[in-house]
Amino acid sequence: MKKPMVVATILEELRSERSLLSEPVGFVPTMGYLHDGHLSLIRRAVEECVSVVVSIFVNPTQFGPKEDLATYPRDIEGDLRKLESMGVNLVWIPTSEVMYPGGYQTWVDVETLTLPLEGKLRPGHFRGVTTVVVKLFNGVLPGKAYFGQKDAQQVAVIRQMTRDLNIPTEIVVCPIIREPDGLAMSSRNAYLDPDQRKAAAVLFLALTNAKDAYGKGERNGENLRVLVREMIVAESLAEIQYVSCADFGTLQELDTLTGKTLLSIAVFFGKTRLIDNIVLV
Ligand code: AMP
């Protein structure tokens, strides 16, 4: 009979339970409040790996001082029920004190790739992300780790970091899971009131509209940015933070599209900041 799922909250427990797992071990880091986007990553890990570890940690170091750390939605009981039913072996739920004890002073910083987009608007965000991912990897020692294309720059930054630091974990990227109206699933969607939730469908419509234009031959970066902007601006509840049409590898803005391209956006609905993207190939 399969061993019941184990929940570890201190590092010693994680290490000893991890040492009992059969290889290969797959790992899905999350901040919890699990939705079908998270579950798609976990399902893929269960398919591809003999053992699966999931972490739930709302990492304070990746939130800015004016961001939503205090209100970030949490539902540990509900999350554990979902993870158990999916056949996850080990759940790592550290506290902030376990991850960042007094006297903590070491950070992982990826340089150029973190400068535009999310990195520009959320100073320090990626330093928090890369640091916590290395700490999680060092506890879980995964053969494969699963991330969502929803956070496109995060994926690029983590790939760069694993290459640069010779981290022996394969990074697997999974597609964006969407609601029936196209809104990318996100724990933060829970903040939207009914009008904002309805209005937020404009994000995917705007991205797909630009993708259609690309399909018809549009290769001018600014024209594609304008197409996306115009559609979102028409939605009065939306406030654009950025619309980017950038090289998929470098994340630098493009005048002319020549290869794989990332069209990405950050848009506020009230105080809720949503991101989404689509890849043009
Ligand atoms: P989070 O809990 O927001 O840190 O997300 C944990 C992981 O789930 C990250 O790798 C995200 O990119 C991924 N993820 C979040 N939302 C989605 C989604 N709608 N589709 C696919 N992956 C997602």
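Residues numbered from 1 in each chain as written. Predicted model: local features only at pLDDT ≥ 70, side-chain atom pairs only at ≥ 80, totals over all residues. Heavy atoms only, no water.

> So what exactly am I meant to see when it comes to the overall build of the protein chain here?
Regarding its fold elements, the protein chain presents ten helices and nine strands. For 281 residues, the compact-globule estimate of 2.2 N^0.38 gives 19 Å, and the C-alpha radius of gyration of the protein chain, at 19 Å, lies within 12% of that figure. Its C-alpha atoms give the protein chain principal-axis dimensions of roughly 55 × 40 × 40 Å. Here the protein chain holds 281 residues, and the buried ones make up 53% of them. For the protein chain, the exposed area adds up to about 13,500 Å²; of that, 54% sits on carbon and sulfur atoms. Charge-centre separation for the protein chain: the mean point of 30 positive side chains lies 1 Å from the mean point of 34 negative side chains. (Helix = DSSP H or I, 4+ residues; strand = E, 2+ residues; numbered from the N terminus. Rg over C-alpha atoms; globule rule 2.2 N^0.38 Å. Buried < 20%, exposed > 50% of the residue type's maximum accessible area, 1.4 Å probe, protein only. Areas by Shrake-Rupley, 256 points an atom, 1.4 Å probe, with all protein chains shown as cover. Lys, Arg positive; Asp, Glu negative; His and termini not counted. Charge placed at Lys NZ, Arg CZ, Asp CG, Glu CD.)

> Help me understand the sheet that holds strand 8 (residues 261–269) in this model?
Taking strand neighbours across the sheet as the criterion, the three strands line up as 7-8-9 in an open arrangement whose pairing is antiparallel. With partners counted over all chains shown, the strands left at the sheet margins are strand 7 (238–247) and strand 9 (272–280), one partner each. Across the sheet, the axes of successive neighbouring strands diverge by a mean angle of 15°, strand direction being ignored. Taken together, the nine bridges between strand 7 and strand 8 define a ladder with antiparallel strand orientation. Considered in strand 8, the bridge of C245 is made with L263. (Pairing = 2+ DSSP bridges. Axes fitted to C-alpha atoms, helices over the stretch in contact; angles between N-to-C directions.)

> Honestly, the pattern of salt bridges in this entry has me stumped. Any pointers?
Should the charged atoms of two oppositely charged side chains come close, the side chains can pair. For the structure on display, the rule yields eleven salt bridges. Note that R225 is salt-bridged to E253, the shortest N-O span being 2.9 Å. Of this pair, R225 sits in helix 10 (residues 221–233) while E253 sits in the loop between strand 7 and strand 8, and the two are 28 residues apart along the sequence. Judged by its relative accessible area of 11%, R225 is buried. Accessibility expressed as a relative area gives 42% for E253, which makes it partly exposed. Members of the salt-bridge network, linked through shared partners, are R44, E48 and K144. (Salt bridge = Lys/Arg side-chain N within 4 Å of Asp/Glu carboxyl O.)

> I keep staring at the site of the ligand and nothing clicks. Help me out?
Inspection of the region around the ligand gives 17 residues, with M31, H38, D151, I177 and M185 positioned closest. D151 has a polar side-chain atom sitting 2.6 Å from an oxygen atom of the ligand. M185 is positioned with one of its backbone polar atoms (N or O) 2.8 Å from a nitrogen atom of the ligand. The fraction of the free accessible surface of the ligand (480 Å²) that becomes covered by protein chains is 92%. The set of elements that each furnish at least two residues to the shell around the ligand consists of strand 2 (25–30), helix 2 (36–48) and strand 5 (144–148). At three residues, helix 2 tops the list of elements feeding residues into the shell around the ligand. (Near = heavy atom within 4 Å. Polar contact = N/O pair within 3.5 Å; in protein donor to acceptor, adjacent residues only side chain to side chain.)

> Looking at this structure, how should I read the nonpolar core?
Buried together is how nonpolar side chains tend to be arranged in soluble globular proteins. The biggest cluster of nonpolar side chains holds 40 residues, and the ones touching the most others in it are V133, F137 and F147. Those elements that provide at least two residues to this core are strand 1 (6–8), strand 2, strand 4 (90–92), helix 6 (125–140), strand 5, helix 7 (152–164), strand 8 and strand 9. Apart from the residues within four sequence positions on either side, V133 is in contact with F147, I158 and M161. Judged by nonpolar contacts, the second largest core, of 26 residues, contains L183, A210, Y214 and C245. (Core = buried A, V, L, I, M, F, W, Y, C linked by side-chain atoms within 4.5 Å. Contact = heavy atoms within 4.5 Å.)

> Help me understand helix 7 in this model?
Working note: α-helix, 3.6 residues per turn, so residues spaced by three or four point in the same direction. The end-to-end C-alpha separation of helix 7 is 19 Å, in line with the 18 Å expected for 13 residues at 1.5 Å each. Those residues of helix 7 lying buried are A152, Q153, Q154, V155, A156, V157, I158, M161 and T162. Structurally, helix 7 contributes buried residues whose contacts are with helix 5 (117–121), helix 6, strand 5, strand 6 (170–174), strand 8 and strand 9. Following helix 7 by one or two positions, N166 adopts a phi angle in the positive range, close to 55°. (Expected span 1.5 Å × (residues − 1).)

> Looking at this structure, how should I read the domain arrangement of the protein chain?
When the parts come together, some accessible area is lost, and that loss is often what is quoted as the size of the interface. Structurally, the protein chain comprises domain 1 (6–174) and domain 2 (187–280). Its C-alpha centre places domain 1 at a distance of 26 Å from the equivalent point of domain 2. Across the domain 1/domain 2 interface, buried area totals approximately 1,600 Å², and carbon plus sulfur atoms make up 54% of it. Along the contact surface separating domain 1 from domain 2 lie two salt bridges. Note that R273 and E118 form a salt bridge whose closest N and O atoms lie 2.8 Å from each other. Our count for the domain 1 to domain 2 interface comes out at nine residue pairs in polar contact (both at pLDDT 80 or more). (Domains from an automatic or database assignment. Buried area = accessible area lost by both parts, 1.4 Å probe.)

> Explain the pairing of strand 8 to me, please; I cannot follow it from the model alone.
Look at any regular strand and the pattern is simple: side chains alternate between the two faces of the sheet. Extensive coverage of strand 8 is indicated by the burial of eight of its nine residues. Here strand 8 folds back onto strand 9, and the loop between the two strands holds two residues, one of which, G270, carries a positive phi near 65°.

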